[in-house]
Amino acid sequence: TGPVVQKFSFNKIGDIRALGRYQLELGDKGSAGHIGVMAGFKLPTGKINISNGQDNSAERALRPGSGTTDFMLGGFYLLTQPAKNHSWFTQLQLQSAINEREGFKPGRKLNLDAGYLRQVAKNLGLMLQLNYRRAEKDSGNNAVAKNSGQRTLSISPGLSYLWGKDWQIYGFVQKPLQQD
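Note that the coordinates shown come from a computational prediction; the quantities given were computed from them, not determined experimentally.

Visitor: Can you tell me about the side chain of glutamine 129, naming the residues and giving the values?
Guide: Looking at the secondary structure, you find glutamine 129 in strand E6 (residues 124-135). Judged by relative accessible area, which is 7%, glutamine 129 ranks as buried. Filtering out sequence-adjacent residues up to four positions away, glutamine 129 remains in contact with Phe89, Asp113, Ala114, Gly115, Ser154, Ile155, Ser156 and Phe172.

Visitor: Residue-level account of a nonpolar patch on the surface, with values.
Guide: Taken together, the side chains of Val120, Leu124, Leu126, Leu159, Tyr161, Trp163, Trp167 and Ile169 define a hydrophobic patch exposed on the protein surface, amounting to about 840 Å² of accessible area. Take the nonpolar patch: its biggest share by element is three residues, from strand E7 (residues 150-163). Position of tryptophan 167 among the secondary structure elements: in strand E8 (residues 167-172). Note on tryptophan 167: relative accessible area 58%, which makes it exposed.

Visitor: So what's going on with unusual backbone geometry? Which residues, and what values?
Guide: A negative phi angle is the norm for most residues apart from glycine, just as the trans form is the norm for most peptide bonds. Residue asparagine 85 is not a glycine yet carries a positive backbone phi of 60°. Relative to the helices and strands, asparagine 85 is located in the loop between strand E3 (70-81) and strand E4 (86-97). We classify asparagine 85 as partly exposed; its relative accessible area is 37%. The backbone of glutamate 102 shows a phi angle near 50°, a positive value even though the residue is not glycine. On the secondary structure map, glutamate 102 appears in the loop between E4 and strand E5 (109-119).

Visitor: Can you break down the side chain of serine 148 residue by residue, with the values?
Guide: With respect to the element layout, serine 148 can be found in the loop between E6 and E7. Under the relative-accessibility criterion, serine 148 is labelled buried at 9%. Residues within four places of serine 148 in sequence aside, it is in contact with Lys137 and Asp138.

Calculation criteria
Residues numbered from 1 in each chain as written. Predicted model: local features only at pLDDT ≥ 70, side-chain atom pairs only at ≥ 80, totals over all residues. Heavy atoms only, no water. Helix = DSSP H or I, 4+ residues; strand = E, 2+ residues; numbered from the N terminus. Buried < 20%, exposed > 50% of the residue type's maximum accessible area, 1.4 Å probe, protein only. Contact = heavy atoms within 4.5 Å. Patch = residues over 30% accessible without salt bridge, like charges linked within 9 Å, V, L, I, M, F, W, Y side chains within 5 Å. Areas by Shrake-Rupley, 256 points an atom, 1.4 Å probe, with all protein chains shown as cover. Salt bridge = Lys/Arg side-chain N within 4 Å of Asp/Glu carboxyl O.

Given below as structure tokens:
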């Protein structure tokens, strides 16, 4: 008569993403810019057959893997001002499944990120980002379209560490400002 609670617990690896970037340097005195493109695939490596102790199957969108291969395409822009120890960046990425599996196809996704980085030590920076994500509804006979789709605007403070000349490690905490 009331809501039915189902619990699932799993620690399986999800789908793996392979993404390549090509970057061009744009520069003038006192600042340097980079513009580039990204392209790649999300590969169907995550497990798609997940059930709980009562033999109930998890909804396809909740499983570690979607079962589909997705194409990803995007671009980015970075403006650094080394004399002032800060930079601005923006990135746009689209993701779309190119196939369906067992009656399930995840909805297309759009991610837009814009942020600011302030160097506070030689290799350490403080970051602040705004992240927008829009996902269309899933489709197919095994999709639960009414439980899918998303629009989220988040703020994300974080840290960045420059590891060597060409490597940067970063992490951040994402706090939703608006969700639908």
